[in-house]
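Listed below are the residues making up each chain.
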Amino acid sequence: MGREFSMNTITEDGQLLLKKAERDQVETVWDRYAAQQPNCGYCEMGLSCRICIMGPCRIDPFGDGPRRGVCGADADIIVARNLGRMIAAGAASHSDHGRDLVEVLGEVAHGRAPGYQIRDVEKLKRLAAEFGVAVDGKSPEQIAGELSNVMSEEYGTRRKELTLLKRAPVKRQELWRKIGVAPRGIDRETSEMMHRTHMGVDNDWVSLLLHGVRNALSDGWGGSMIATEVSDILFGTPKPGANAVNVGVLKKDEVNIVVHGHNPVVSEMILRAVQDPELVTMARAKGAKGINLAGVCCTGNELLMRAGVPMAGNHLTTELVLTTGAVDLMLVDYQCIMPSLGTVAACYHTKMVSTSDKARFPGMEHREFHPDNAAAKAVELVKEAIENFGRRGEVYIPVEPVASVGGFSVESIVGALGGTPEPLLDAIKAGKIRGAAGIVGCNNPRIKQDYGHVTLTRRLIENDILVVDTGCAAVANAKAGFKQAEAARLAGPGLKEICGALGIPPVLHMGSCVDNVRILVLASALANALGVDISDLPIAGAAPEWYSEKAATIGVYFVASGVYTVLGPMPPITGSMNIVKLLTEGLNDVVGATFAVEPDPEKAALLMRRHIEQKRARLGLTHLEI
Ligand code: BF8
Ligand code: SF4
């Protein structure tokens with residue numbers, strides 16, 4: 001008898017494919033998670049240190065064991081250093097992704113990136129103006145070349161402050177300057193974090209954490225913001241459009257290609273290739289009805305936002321997608337790609353290909369994509385997927401897809417509101433919408449897949465809180481059906497009315513994880529329209545199932561931008577009560593917002609609602625006691 005998998009995931013496709021994986025003797029992330037139990041308690045508390053080889057060291061939090069590492073570092077220092085390095089890794093990942101896009105922009109400018117083009121000239125000009133690049137009398141390519149150069153400099157050390165900080169409300173900018181956390185070069189802050197956390201450098205846990213704030217801000221208002229903006233310039237600023245989600249988007253009778261990772265530089269070229277009539281004809285000649293492109297994780301979100309490409313799943317679905325036996329080719333770029341995927345694919349006919357010079361995986365062929373060859377490589381790979389279609393064995397696609405709407409950039413949200421955020425503010429002031437919440441981040445086998453996202457979102461919209469989401473949270477909510485106009489019936493009366501009037505769902509898909517910056521920009525627009533700071537707004541954030549270093553960094557830049565943020569899984573900080581207290585209480589006096597940790601989404605919803613009502617009260621708006 002097969003096992004019951006409803007403990008692992010709330011999704012029907014997930015449960016059915018886990019049964020299939022068991023039948024096929026495929027090991028999944030949940031098996032490996034179980035094999036790791038119990039996790040190391042020192043590591044869970046952030047109390048182990050392997051920064052140097054006088055160690056590794058650990059602090060005994062309870063017994064008679066050591067209270068200091070060999071170098072003399074105590075629990076506060078060790079926890080702060082570990083957290084600092086986590087933030088640095090997250091900031092580095094997003095920001096390096098941004099750098100890759102800036103480089104493509106430069107190559108496009110010089111005509112060295114066939115297949116790519118400048119799709120949003122208006123945005124290019126707006127960005128150029130923000131970065132001080134003159135546009136008059138210049139071609140888009142000229143502007144792109146200069147903008148790419150100026151943006152590259154943001155990564156270095158030549159500036160005193162990142163340019164895009166100016167997008168934040170003035171009060172927030174002043175606060176950052178006052179407390180010394182306004183980030184300078186993007187790479188500089190990450191590099192400095194690695195320096196500070198070397199043995200014998202910064203041994204003041206408060207000062208380390210403040211630099212953590214600066215490092216995270218260099219991602220949120222720097223690297224990630226550049227990634228999103230340049231992606232919009234190159235691939236188009238998203239507009240609302242229909243798509244479909246879950247494993248049911250794979251097609252039995254078509255060549256299925258799945259893209260996985262984060263960078264649209266690769267996936268956009270694949271999208272272009274699958275639309276090539278010659279390749280479609282070739283697929284038909286092989287007995288397929290066509291070529292079906294689907295995404296998983298954030299590169300999928302990028303395609304969904306701009307082109308309505310369907311999404312087969314989020315983080316914990318990435319192995320299961322392969323167990324359908326229906327994927328003829330999976331292409332990966334970087335980030336969140338489990339190194340197990342090649343092994344899973346080996347049980348089926350699926351061809352696995354890695355594409356980035358900086359991300360290689362066992363069991364995958366490596367075909368490197370660069371701006372000059374990406375269009376041609378994409379055609380080559382689509383041809384190989386077509387060839388592979390004929391090698392399929394049994395195919396099992398157990399569910400029908402769920403309809404969804406995505407593509408809510410700030411521009412399209414403000415557009416839907418008639419060109420100004422005023423109607424949204426009016427609805428908030430009138431209490432029809434109590435406030436807004438950003439639900440972001442990953443899946444994590446510590447939490448039943450999607451349970452955290454879906455439960456929290458349901459409770460918030462029921463209580464008239466508009467939800468915007470990104471990353472794997474956005475896919476979870478789409479699978480749950482929250483992103484159809486009809487989902488307004490699940491919302492409270494006020495939110496339902498507004499959704500009906502605007503023709504929008506109660507949960508707005510704002511994109512990938514780098515696109516969390518869209519939430520910052522939207523929050524800034526609302527704060528500016530009200531003449532207040534972000535921390536005064538009736539808004540909150542949550543990462544109910546986060547796992548990654550990137551998510552940790554996002555959490556820190558949200559809080560540092562003034563957004564109260566509730567984490568599901570506990571970060572590895574409980575070894576230092578000083579740090580727990582600072583992050584959950586003390587930060588309020590520093591940046592006007594804190595973290596909370598609450599793995600139960602029902603309770604997290606209450607925390608967020610209470611916070612939103614308190615902010616309403618302080619703004620003099622009607623409020624509820626929760
Ligand atoms: O950047 S939400 S599991 S896929 S880290 Fe990864 Fe987390 Fe998904 Fe996208 Ni974001
Ligand atoms: Fe141990 Fe200090 Fe080295 Fe860390 S830095 S491993 S605490 S000696």
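Residues numbered from 1 in each chain as written. Chains lettered and ligands numbered in written order. Predicted model: local features only at pLDDT ≥ 70, side-chain atom pairs only at ≥ 80, totals over all residues. Heavy atoms only, no water.

As for the overall build of the protein chain
Note the cut-off: Numbering of helices and strands starts at the N terminus; helices are DSSP runs of H or I of at least 4 residues and strands are runs of E of at least 2. Just to be clear, the radius of gyration here is over C-alpha atoms, and the globule rule we use is 2.2 Å times residues to the power 0.38. The cut-offs for exposure are 20% and 50% of the maximum accessible area for each residue type, with area from a 1.4 Å probe on protein chains only; residues under the lower value are buried, those over the upper are exposed, and the others partly exposed. Residues are treated as being in contact if the distance between any of their heavy atoms lies within 4.5 Å. A 1.4 Å probe and the Shrake-Rupley method give the accessible areas. Residues count as covered only by the protein chains that appear here. Lys and Arg are tallied as positive, Asp and Glu as negative. Neither His nor the chain termini are counted. A charge is said to be at NZ when it belongs to Lys, at CZ for Arg, at CG for Asp and at CD for Glu.
A tally of regular secondary structure across the protein chain gives 24 helices and 16 strands. Taken over the C-alpha trace, the protein chain has a radius of gyration of 24 Å; the compact-globule value for 626 residues is 25 Å, and the two agree within 12%. When the 626 residues of the protein chain are sorted by exposure, 62% land in the buried category. Taking the intrachain contacts of the protein chain between residues at least 6 apart in sequence as the baseline, contacts between residues at least 24 apart amount to 73%. When the accessible surface of the protein chain is split by element, carbon and sulfur atoms take 53% of a total near 22900 Å². Of the charged side chains in the protein chain, 67 are positive and 73 negative, and the gap between their average positions amounts to 1 Å.

Digging into the site of ligand 2
Selection rule: A single heavy atom is enough: if one lies within 4 Å of a molecule or strand, its residue is considered near that molecule or strand. Side-chain classes follow a simple rule in which Ala, Val, Leu, Ile, Met, Phe, Trp, Tyr, Cys and Pro form the nonpolar group, Asp, Glu, Lys and Arg form the charged group, and the remainder, Gly included, forms the polar group. As used throughout, domain bounds are those supplied by an automatic or database domain assignment.
Close to ligand 2 lie Cys49, Ile51, Cys52, Met54, Gly55, Cys57, Gly69, Val70, Cys71, Ile78, Arg81 and Met199, which account for all nearby residues. Among the residues forming the shell around ligand 2, the class breakdown is 9 nonpolar, 2 polar and 1 charged. Viewed by domain, the shell around ligand 2 spans two of them, domain 1 (2-58) and domain 2 (75-235), each represented by three or more residues.

Quick word on helix H19 (residues 471-479)
Of all the 9 residues making up H19, 9 are buried; the element is thus mostly covered by neighbouring parts of the structure. Listed as buried for H19 are Gly471, Cys472, Ala473, Ala474, Val475, Ala476, Asn477, Ala478 and Lys479.

Some remarks on the pattern of salt bridges
The cut-off we apply is this: The salt bridge definition used is simple: a Lys or Arg side-chain nitrogen within 4 Å of an Asp or Glu carboxyl oxygen.
Tallying each qualifying case throughout the model produces 44 salt bridges. For aspartate 469, the salt bridge is made with lysine 483, and the minimal N-O distance between the two is 2.9 Å. One end of the pair, aspartate 469, is in strand E12 (residues 465-470); the other, lysine 483, is in the loop between H19 and helix H20 (493-502), with 14 residues separating them in the sequence. Residues aspartate 469 and lysine 483 agree in their burial class; the two are buried. Within this structure, Lys123, Arg126, Glu130, Arg167, Glu229, Asp232, Glu302, Arg306, Glu411, Asp515 and Arg518 form a network of salt bridges that share partners.

Observations regarding the site of ligand 1
Keep this limit in mind: Two N or O atoms count as a polar contact when they lie within 3.5 Å, although within protein this holds only if one can serve as hydrogen donor and the other as acceptor, and sequence-adjacent residues are included solely when both atoms are side-chain atoms.
Looking at ligand 1, the residues that line it are His262, Cys297, Cys298, His315, Cys336, Gly441, Cys442, Cys472, Cys513, Tyr547, Ser548 and Lys550. Between histidine 262 and ligand 1, the recorded distance is 2.6 Å, taken from a side-chain N or O atom to an oxygen atom. Split by residue class, the shell around ligand 1 holds 7 nonpolar, 4 polar and 1 charged. Two domains each donate at least three residues to the shell around ligand 1, and these are domain 3 (247-391) and domain 4 (409-618).

Let's talk about the coordination of the nickel atom of ligand 1
Cut-off, in case you're wondering: Metal donors: N, O and S atoms at distances within 2.8 Å, or within 3.2 Å for Na, K and Ca, with water omitted from the atom set so that some sites may seem incomplete. In these descriptions, tetrahedral denotes four donors with every angle between 85 and 135 degrees, square planar four donors and octahedral six donors with opposite donors over 155 degrees apart and the rest between 65 and 115, and irregular any other case.
Protein coordination of the nickel atom of ligand 1 rests on one atom only, Cys513 (SG), at 2.2 Å. Coordination at the nickel atom of ligand 1 is irregular, judged from the 4 donor atoms that bind it and the angles of 92 to 150° they form at the metal. Tracing the sequence through the fold places cysteine 513 in the loop between strand E13 (507-511) and helix H21 (516-530).

Looking at the domain arrangement of the protein chain
Heads up, the condition is: Throughout, the accessible surface (probe 1.4 Å) given up by two parts as they are put together, summed over both, is called the buried area.
Each assigned domain of the protein chain is listed here: domain 1 (2-58), domain 2 (75-235), domain 3 (247-391) and domain 4 (409-618). Computed over C-alpha atoms only, the centres of domain 1 and domain 2 are separated by 33 Å. Contact residues are listed per partner, giving 8 residues for domain 1 and 9 residues for domain 2. Here domain 1 meets domain 2 over a buried area of about 630 Å², counting both sides, of which 72% is carbon and sulfur. Our count for the contact surface shared by domain 1 and domain 2 stands at 0 salt bridges.

Some remarks on unusual backbone geometry
With an omega of -10°, the peptide bond running from glutamine 37 to proline 38 counts as cis. Mapping proline 38 onto the fold places it in the loop between helix H2 (29-35) and helix H3 (41-44). One non-glycine residue, cysteine 297, lies in positive phi territory at about 55°. As for its position among the elements, cysteine 297 is in helix H12 (residues 297-307). Positive phi, close to 75°, is recorded for aspartate 450, a residue that is not glycine. You can see aspartate 450 is positioned in the loop between strand E11 (435-439) and helix H18 (451-462).

Thoughts on helix H22 (residues 549-560)
Heads up, the condition is: Under the convention used throughout, the expected extent of a helix is 1.5 Å for every residue step, that is, one less than its residue count.
The terminal C-alpha atoms of H22, which comprises 12 residues, lie 17 Å apart, in line with the 16 Å expected from a rise of 1.5 Å per residue. Most of H22 is tucked away: 11 of the 12 residues are buried. Among all positions in H22, only Lys550, Ala551, Ala552, Thr553, Ile554, Gly555, Val556, Tyr557, Phe558, Val559 and Ala560 are buried. Capping of H22 at its N-terminal end is provided by serine 548; its side-chain oxygen lies 3.1 Å from the backbone amide nitrogen of lysine 550. After H22 finishes, the residue glycine 562 shows a positive phi value of roughly 105°.

A look at the packing of aromatic side chains
Convention followed: Stacked, tilted and edge-to-face are the three classes assigned to paired rings of Phe, Tyr and Trp, where Trp is represented by its six-membered ring and a pair needs centres within 6.5 Å; plane angles under 30 degrees give stacked, over 60 edge-to-face, the rest tilted. Note on geometry: a ring has a charge over it if NZ (lysine) or CZ (arginine) is within 6 Å of the ring centre and within 35 degrees of the ring normal.
Taken as a whole, this structure holds 3 aromatic pairs when the rule is applied. On the basis of an interplanar angle of 65° and a centroid distance of 5.5 Å, the ring pair of tryptophan 176 and tryptophan 221 is categorised as edge-to-face. Of this pair, tryptophan 176 sits in helix H7 (residues 170-178) while tryptophan 221 sits in helix H9 (residues 205-235), and the two are 45 residues apart along the sequence. The same class applies to tryptophan 176 and to tryptophan 221, which are both buried. Between the aromatic rings of tyrosine 557 and phenylalanine 558, the centroid separation amounts to 5.8 Å while the plane-to-plane angle is 45°, which identifies the pairing as tilted. The ring of tyrosine 396 is capped by arginine 23, whose NZ or CZ atom sits 5.9 Å from the centre of that ring. One residue, arginine 58, lies across the ring of tyrosine 42, its end atom 5.5 Å from the ring centre.

Re the environment of asparagine 388
Position of asparagine 388 relative to the elements: it lies in helix H15 (residues 374-389). Asparagine 388 gets classed as buried once you look at its relative accessible area, which sits at 4%. Sequence separation between asparagine 388 and glycine 84 is 304 residues, and the spatial gap between their C-alpha atoms is 45 Å. Once residues within four sequence positions are removed from consideration, asparagine 388 is found in contact with Asp328, His349, Thr350 and Lys351. Among the polar contacts made by the side chain of asparagine 388, one reaches the main-chain carbonyl oxygen of histidine 349 at a distance of 2.9 Å.

A few points about the packing of helix H4 (residues 75-109) against H22
Going by this rule: Each axis is a line fitted through C-alpha atoms, and for a helix only the stretch in contact is used; angles between axes span 0 to 180 degrees, taken between their N-to-C directions. Angular relationships are summarised with four words: roughly parallel below 35 degrees, roughly antiparallel beyond 145, roughly perpendicular across 65 to 115, and oblique for the angles in between.
The geometry of H4 relative to H22 is characterised by a closest axis approach of 7 Å and an angle of 100° between their N-to-C directions. In terms of orientation, H4 and H22 fall into the roughly perpendicular class. From H4, Met86, Ile87, Ala89, Gly90, Ala91, Ser93 and His94 reach across to H22, where they touch Glu549, Lys550, Ala552, Thr553, Ile554 and Val556. Residues that form the contact of H4 with H22 fall into these classes: 7 nonpolar, 4 polar and 2 charged.

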